[in-house]
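What follows is the residue order along each chain.
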Amino acid sequence: MATRPLNPLGTLARVWFPLCLIGLLLLAIPSAILLVLNLLGRETRTNAWLEQALGLSYHLSIPWWAALALFLLPFLIALLYFLKLKRRPLQVPSTFLWRKSVEDLHVNSLFQWLRNNILLLLQILIVLTLIYAVLSLQSHGRARAGRHYILMIDNSASMSAVDVAPSRLEQAKQEAREEIDAHTDDDFGMVIVFSSNAEIRQSYTGDRNLLRQAVADVEPTHRTTRIGEALALADSLANPQRSTEDVASRPANEESGKERTYVPAEGIPTEVHLFSDGRFPDVPDFSLGHLHLQFHSIGQPGPDAVGNVALVTFNAVRDARSPNTLQALATIHNYRTRKVELRVQLDVIVNGNLEKSYDQPPDDQPPLVVSERLVPVAEGGQDEKEESVPQGSPGEASVHFQIPNLDDRADIVLHAHLLGVHDSFPQDDEAWLVAGTLRKARVVIVGKPNKPLSDFFNQEATQKLALVTYLDPGDLTGKQVYREPADLVIFDRCSPQKADDLPLANTLFIDAVPPPWKKEELPKVENPRILAWQAKHPLMEHLSALQDIRVAEAHPFNMKDPRVPPRTPRLLETDKDHALLLALSRQSYVDLVLAFAIIDEDGNWNTNWTQQLSFPVFLHNVLFYLGNLGDAASEETVQPGQLKALRPDIDVRTLEVTDPSGKREILQRGTRPEFLYGKTEHLGVYQVQIEGGPPRSFAVNLLDSDESNLEPRPQFQIGGSVIKPGQEHSQPRELWKWVALGALLLVLLEWVIYNRRIFI
Amino acid sequence: MPEIQAQSLLEPQFLTRLEQLELVSRKIFQGRMKGERRSKKKGQSVEFADYRNYVVGDDLRFLDWNLFARLDRLFLRLFLEEEDLHCYILLDNSLSMDFGKPTKLHYAKQVAAALGFIGLVNLDRVVVEAFNDRLTQTMPPQRGRRSLWRLMDFLQKIEPAGPSDLRKSLRGFSLKCSGKGIVILLSDLMDKGGYEEALRYLIARQLDIYVIQILSQEEIEPEIAGDLQLLDIEDADVAEITVSGPLLKRYKQNLAAYRAALHEFCTRRGVSYLFTSNQVPFERLVLSYLRQKGLVR
């Protein structure tokens with residue numbers, strides 16, 4: 001007896017629809033269980049289990065009755081479909097041919113058979129997706145509202161490197177955007193941009209569009225990287241400082257047992273997402289507290305990926321024997337792991353015109369070979385290697401240029417740039433230097449003859465730098481001669497009577513005090529010992545062995561005197577909080593007070609300081625710092641973003657600064673002795689036009705080996721924590737929007753299919 | 001459709017054009033009265049047909065005396081007799097004919113009126129039979145122009161009713177009809193019982209058969225959409241369909257196949273088949289298509 005062969009396609013055609021229907025109904029079972037558990041109040045326990053087992057969580061985003069109605073909808077649709085309530089009756093002369101056609105299609109076409117039912121499947125699927133959408137499924141964590149997170153984006157110079165396409169900063173912005181997408185609208189985000197300083201671009205908000213816009217607006221800078229300020233900004237909310245509010249507001253006569261309960265301000269746990277290459281100094285004295293720092297390392301990791309050669313120093317000095325000759329010195333660092341051949345070109349630009357170019361080495365000689373960067377190889381196993389921090393030392397080379405026959409008073413700019421270097425960070429391949437113009441400080445010395453002092457100012461080297469005028473103390477009454485423009489006025493054992501009589505200049509008081517102080521009010525101390533000094537102050541640079549200074553008699557300042565402004569520098573300190581040398585601020589000027597005489601009224605030595613090397617050095621510092629003298633060899637170079645202090649003559653009221661892009665800004669004299677210019681964002685030469693004076697220039701250079709070293713740091717230290725990149729963290733990613741989007745697409749698909757069936 | 005029924009079936013101008021036509025039979029049929037047509041039957045006319053031997057009892061007036069003189073034998077002269085033509089018009093008035101705009105029934109009535117008028121003016125014997133699942137109404141044989149009003153009156157009174165049963169109706173007609181002549185069947189032929197057996201009854205009667213299938217435009221090119229429950233107007237049969245491009249395509253293919261099968265069936269058996277839509281002007285059908293088919297000339 002022959003058996004009929006099975007037709008798998010035919011079998012599939014028969015069971016396809018019921019199988020799909022059963023599958024969809026099975027798909028509805030988890031949602032039903034979740035819904036029932038929610039209605040029974042077991043949401044929390046269920047979420048705990050789901051998060052542990054599947055990394056998912058849920059919560060009903062609509063009222064329970066609406067969810068119940070939605071849940072019943074697929075069953076209703078199936079019921080309606082099978083009851084065929086939707087068919088429209090239509091009278092026809094005969095169903096003869098129609099019935100035959102329908103039968104033909106059912107028998108012959110699998111697809112047509114399916115299409116008759118596919119709308120039902122789609123409708124049930126749409127409702128199912130909507131059900132799962134309102135269950136608000138989240139992955140990797142529990143649904144939790146109001147979390148705080150901070151996006152800290154590094155836009156320093158090294159982030160302009162193009163070792164990752166299109167640039168490190170763009171990659172950081174992209175990752176920041178992804179981080180924003182990973183949070184919900186219930187979370188509060190903040191955007192902080194940092195380089196040499198930090199700025200809050202967007203304060204805490206739940207509006208993620210604002211955060212995205214703030215991230216999109218981040219522009220690269222040429223600045224160096226310091227993370228401390230950014231951490232301080234982030235710290236303010238997460239770790240509030242202890243306040244004295246409790247004590248201040250607690251009533252004095254509080255009854256025992258009825259004290260108010262004071263709740264101290266609690267910090268808010270905050271995720272900090274740091275998007276940086278990690279090229280900033282460690283911050284060992286910072287406590288993260290509630291800040292949970294997550295480091296997103298930007299850039300190609302590993303020493304082999306670094307492709308950069310940089311100019312890291314560029315200096316010039318005047319030849320001691322020939323002031324018209326400049327000696328320029330440039331240092332090149334090679335951060336690559338292979339040798340680099342290059343030349344350095346130096347352009348000499350005099351008064352805006354290129355006068356001469358020097359190549360080092362010259363064209364007829366082989367190029368300069370800069371050795372490769374040495375990367376330390378960690379010893380031991382793999383784990384140990386991960387712990388070590390491969391800093392390495394870059395290959396280094398120096399070039400020296402001698403530029404003769406330069407005009408002292410001309411505006412001279414030196415521009416050095418590397419030739420033959422094709423690296424991923426071109427900003428550090430060039431540097432500028434402005435040769436300083438010689439200018440003399442105008443110094444007025446008021447007092448009786450003082451040989452050590454006059455010896456210093458009368459020597460030939462000082463004469464080149466200062467124009468000294470001597471006045472008798474008697475001249476202080478009546479004629480106020482020192483009111484002529486001066487940079488520095490030295491009062492030796494004398495002082496003006498009133499504060500109004502003080503000159504509009506920096507001053508040095510020797511064994512005298514500026515009014516309204518009175519010398520008689522100060523204690524007289526014999527043989528005071530110098531116990532400490534501030535070596536970092538510009539006035540104390542290069543001073544040493546100050547403890548050997550012996551003083552016969554002094555009138556030290558009591559630094560605890562309330563008239564002494566807080567944070568007044570104690571340049572020379574004796575015991576018991578008494579200062580022998582201090583710098584008092586007066587408007588924009590500095591009154592430097594030396595509390596002991598060099599020679600007393602009788603012409604006897606009061607100190608042995610004059611016999612020590614530090615004395616002329618101190619006077620030299622006074623002349624340069626208080627006399628507004630720059631380095632004669634070169635104008636001080638600043639890094640991008642740093643304040644540039646311009647010290648023109650005392651009578652100059654306005655300055656005009658033109659940046660390398662041609663943008664001009666007029667500066668008005670404020671209360672400080674110098675003009676401060678802060679818009680040093682561009683690398684290059686800034687022109688300064690002084691009213692009634694010759695033009696000056698200054699240069700802004702990167703010259704930072706930390707920025708030029710493009711290798712992302714594998715780890716860094718903040719406080720006691722070592723931060724490493726790539727530490728994944730659990731955070732909820734809301735899935736329901738994607739599910740809802742799927743439902744929308746299904747609706748569109750159903751619409752398309754329905755229309756294909758209707759519009760023939 | 002009251003407004004359509006109120007219209008006269010034939011316009012006067014059209015009648016004058018129809019007067020010039022006559023029904024053509026591909027076979028020569030016997031009639032009961034002397035008409036304007038030759039008959040196979042020998043009789044009294046002017047057209048000589050044949051000779052035969054005289055037998056006792058023959059009419060002596062038809063003896064050929066000249067032959068008797070020459071041959072000394074008696075021969076009788078036979079003449080072709082001219083007779084009238086039987087023209088049967090079978091009109092389907094089932095409910096399915098009450099469909100379309102104008103209705104298929106109205107269209108069929110117009111065709112029947114035109115052909116009936118041609119028959120009447122040519123002194124043919126015109127019989128109209130209406131049927132659905134049986135013969136419902138019969139117009140007795142009419143002859144001559146004066147019977148036109150009776151024909152029109154009969155046609156006007158035919159109303160759509162009942163389901164159709166082509167086999168039963170034509171079987172009844174073939175049993176009832178004794179004469180020979182032209183049969184014109186006006187129907188949509190959408191009979192779930194089939195048309196083959198029904199037509200065989202007519203063919204067996206050796207009638208000159210013309211089948212005119214009339215369908216409405218809605219049946220030829222359906223303009224429907226959506227999920228529908230189709231109700232058969234005659235037997236209340238329900239067919240649930242979801243209209244789709246493939247379904248409509250399949251329907252049209254089935255309709256074309258049905259027409260082709262009907263056409264082939266008719267052609268094989270010497271039956272003339274003509275398909276028409278209710279959108280074809282019936283004047284053109286009569287004056288052009290039926291003339292091409294050879295029913296009128």
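All of these numbers come straight from a predicted model, not from anything done at the bench.

> Describe the overall build of chain B, and please don't skip the residues or the numbers.
Looking only at helices and strands, one finds ten helices and ten strands in chain B. In chain B, which comprises 297 residues, the share counted as buried stands at 53%. A separation of at least 24 residues holds for 77% of the contacts in chain B among residues at least 6 apart in sequence. Of the roughly 14000 Å² of accessible surface on chain B, a fraction of 50% belongs to carbon and sulfur atoms.

> Now, about the pairing of strand E4 (residues 125-131) of chain B: what can you tell me, with residues and values included?
Residues and elements named next belong to chain B. Counted residue by residue, E4 has seven buried out of seven residues, so it is predominantly covered. Here E4 shows a buried face lined by Arg125, Val127, Glu129 and Phe131 and a second buried face lined by Val126, Val128 and Ala130. Relative to E4, strand E3 (residues 86-92) runs parallel, the two sharing seven bridges. Each residue of the ladder has a partner; that of Cys87, found in E4, is Val126.

> Explain the pairing of strand E25 (residues 570-574) of chain A residue by residue, including any values.
All names here are of chain A. Summarising burial for E25: four of the five residues are buried, a large majority. As defined by bridge partners, strand E22 (residues 532-533) adjoins E25 across two bridges and the pair is classed as antiparallel. Residue Trp533 lies in a different strand from E25, and its bridge partner there is Leu572. Here E25 runs beside strand E26 (residues 578-586); their pairing, made up of four bridges, is antiparallel. Paired with Glu573 across the bridge in E26 is Ala579. Here E25 folds back onto E26, and the loop between the two strands holds three residues, one of which, Lys576, carries a positive phi near 55 degrees.

> Give a detailed account of the sheet that holds strand E7 (residues 208-215) of chain B, specifying residues and quantitative values.
All names here are of chain B. The strand order across the open sheet built from six strands is E5-E4-E3-E6-E7-E10, with neighbouring strands paired in mixed fashion. Of all the strands in the sheet, the pair left with one neighbour each is strand E5 (135-142) and strand E10 (272-277). Going from strand to strand, the sheet's axes swing by 15 degrees on average, the running direction of each strand aside. Where strand E6 (residues 181-187) and E7 come together, six bridges link them in parallel fashion.

> Give a description of the environment of Lys104 of chain B that names residues and reports values.
Here Lys104 of chain B is to be found in helix H4 (residues 104-121). Separated by 112 residues in the primary sequence, Lys104 of chain B and Ser216 of chain B place their C-alpha atoms 6.3 Å from one another. Aside from chain neighbours lying at most four places away, what touches Lys104 of chain B is Pro93 of chain A together with Ser96, Met97, Phe99, Asp188, Ile214, Leu215, Ser216 and Glu219 of chain B.

> Quick one: what's the story with the pattern of salt bridges, residue by residue and with numbers?
All names here are of chain A. The tally for this structure, following the rule as stated, stands at 38 salt bridges over all chains. With its nearest N and O atoms 2.9 Å apart, the salt bridge here joins Arg212 to Asp181. Here Arg212 is found in helix H7 (residues 208-216), whereas its partner Asp181 is found in helix H6 (residues 168-182), with 31 residues between them in sequence. Taking relative accessible area as the criterion, Arg212 reaches 26% and is therefore assigned partly exposed.

> Can you lay out the sheet that holds strand E5 (residues 188-194) of chain A for me, pointing to particular residues and giving the numbers?
Residues and elements named next belong to chain A. The sheet built from five strands is open, its strands ordered E6-E5-E4-E7-E8 with mixed pairing. The two strands at the open ends of the sheet, each matched to only one other strand, are strand E6 (198-205) and strand E8 (291-297). Sheet twist, expressed as the mean angle between neighbouring strand axes with direction ignored, is 15 degrees. Two strands pair when backbone bridges link them, and E5 and E6 are joined in this way by five bridges, in the antiparallel orientation. Bridge assignment links Val191 to a residue of E6, and that residue is Gln202. H6 contacts strand E4 (148-154), strand E7 (270-276) and E8 of the sheet and is inclined by roughly 170 degrees relative to E4. Running at roughly 165 degrees to E6, H7 makes contact with E4, E5 and E6 of the sheet.

> Before we move on, can you summarise the packing of helix H6 (residues 166-176) of chain B against helix H7 (residues 196-204) of chain B with the specific residues and values?
Residue and element names in this part refer to chain B. It is at 8 Å that the axes of H6 and H7 come closest, and there the two elements cross at 10 degrees. In terms of orientation, H6 lies roughly parallel with respect to H7. Taking contact as the criterion, the partners of Leu166, Arg167, Leu170, Arg171, Phe173 and Ser174 in H6 are, on H7, Glu197, Ala198, Leu199, Tyr201 and Leu202. Grouping the constituent residues of the contact of H6 with H7 by class yields seven nonpolar, one polar and three charged.

> Tell me about unusual backbone geometry, and name the residues and values.
The linkage connecting Gln360 of chain A with the following residue, Pro361 of chain A, adopts the cis geometry, with an omega of -5 degrees. Structurally, the position occupied by Pro361 of chain A is in the loop between strand E12 (353-360) and strand E13 (368-370). For the bond running from Lys101 of chain B to Pro102 of chain B, omega is 0 degrees, close enough to zero to count as cis. Positionally, Pro102 of chain B belongs in the loop between E3 and H4. The phi torsion at Ala236 of chain B lies on the positive side, around 60 degrees, for a residue other than glycine.

> Provide a residue-level description of a nonpolar patch on the surface, including the pertinent values.
Residue and element names in this part refer to chain A. Together, Leu25, Leu39, Trp64, Trp65, Leu68, Leu72 and Phe75 make up an exposed nonpolar region whose accessible area comes to about 700 Å². Elements with a minimum of two residues in the nonpolar patch: helix H1 (8-39) and helix H3 (64-83). It is H3 that provides the largest number of residues to the nonpolar patch, a total of five residues. Within the fold, Leu39 resides in helix H1. Here Leu39 falls in the partly exposed class, since its relative accessible area comes to 39%.

> Lay out H7 of chain B in plain terms, naming residues and giving numbers.
Residue and element names in this part refer to chain B. Burial in H7 covers these residues: Ala198, Leu199 and Leu202. Down the axis of H7, the buried side of the element spans an arc of 90 degrees, and every buried residue falls inside it. Packed against the buried residues of H7 are E3, H6, E6, E7 and helix H9 (245-268).

> Can you break down the confidence of the model for chain A residue by residue, with the values?
All names here are of chain A. Averaged over all residues, the pLDDT of chain A equals 80, while 83% of them reach at least 70. Least confident of the elements in chain A is helix H10 (residues 382-387), whose mean pLDDT is 42; most confident is E5, at 92. Note that residues 109-114 has pLDDT below 50 and, in this model, eleven contacts with residues that lie over four places away or in other chains. A low-confidence stretch, residues 379-390 stays under pLDDT 50, and its non-local contacts, those more than four residues away or across chains, total twelve contacts.

> Explain the interface of chain A and chain B to me, using residue names and the numbers behind them.
Each partner contributes to the interface: chain A provides 27 residues, whereas chain B provides 35 residues. Per-residue buried area on chain A facing chain B is highest for Arg87, Pro93 and Trp98 of chain A; these three make up 25% of the total on that side. Our enumeration of links across chain A and chain B arrives at one salt bridge. For Asp237 of chain B, the salt bridge identified is with Arg99 of chain A, shortest N-O distance 3.2 Å. On inspection of chain A and its partner chain B, the count reaches 13 residue pairs in polar contact (both at pLDDT 80 or more). Those elements that place two or more of their residues in the side of chain A that touches chain B are strand E2 (88-92), helix H4 (96-108), helix H5 (110-134) and helix H15 (736-758) of chain A.

How each quantity is defined
Residues numbered from 1 in each chain as written. Chains lettered and ligands numbered in written order. Predicted model: local features only at pLDDT ≥ 70, side-chain atom pairs only at ≥ 80, totals over all residues. Heavy atoms only, no water. Helix = DSSP H or I, 4+ residues; strand = E, 2+ residues; numbered from the N terminus. Buried < 20%, exposed > 50% of the residue type's maximum accessible area, 1.4 Å probe, protein only. Contact = heavy atoms within 4.5 Å. Areas by Shrake-Rupley, 256 points an atom, 1.4 Å probe, with all protein chains shown as cover. Pairing = 2+ DSSP bridges. Axes fitted to C-alpha atoms, helices over the stretch in contact; angles between N-to-C directions. Salt bridge = Lys/Arg side-chain N within 4 Å of Asp/Glu carboxyl O. Parallel < 35°, antiparallel > 145°, perpendicular 65-115°, else oblique. Nonpolar A, V, L, I, M, F, W, Y, C, P; charged D, E, K, R; others polar. Patch = residues over 30% accessible without salt bridge, like charges linked within 9 Å, V, L, I, M, F, W, Y side chains within 5 Å. Arc of directions from axis to C-beta. pLDDT = per-residue confidence, 0-100. Buried area = accessible area lost by both parts, 1.4 Å probe. Polar contact = N/O pair within 3.5 Å; in protein donor to acceptor, adjacent residues only side chain to side chain.

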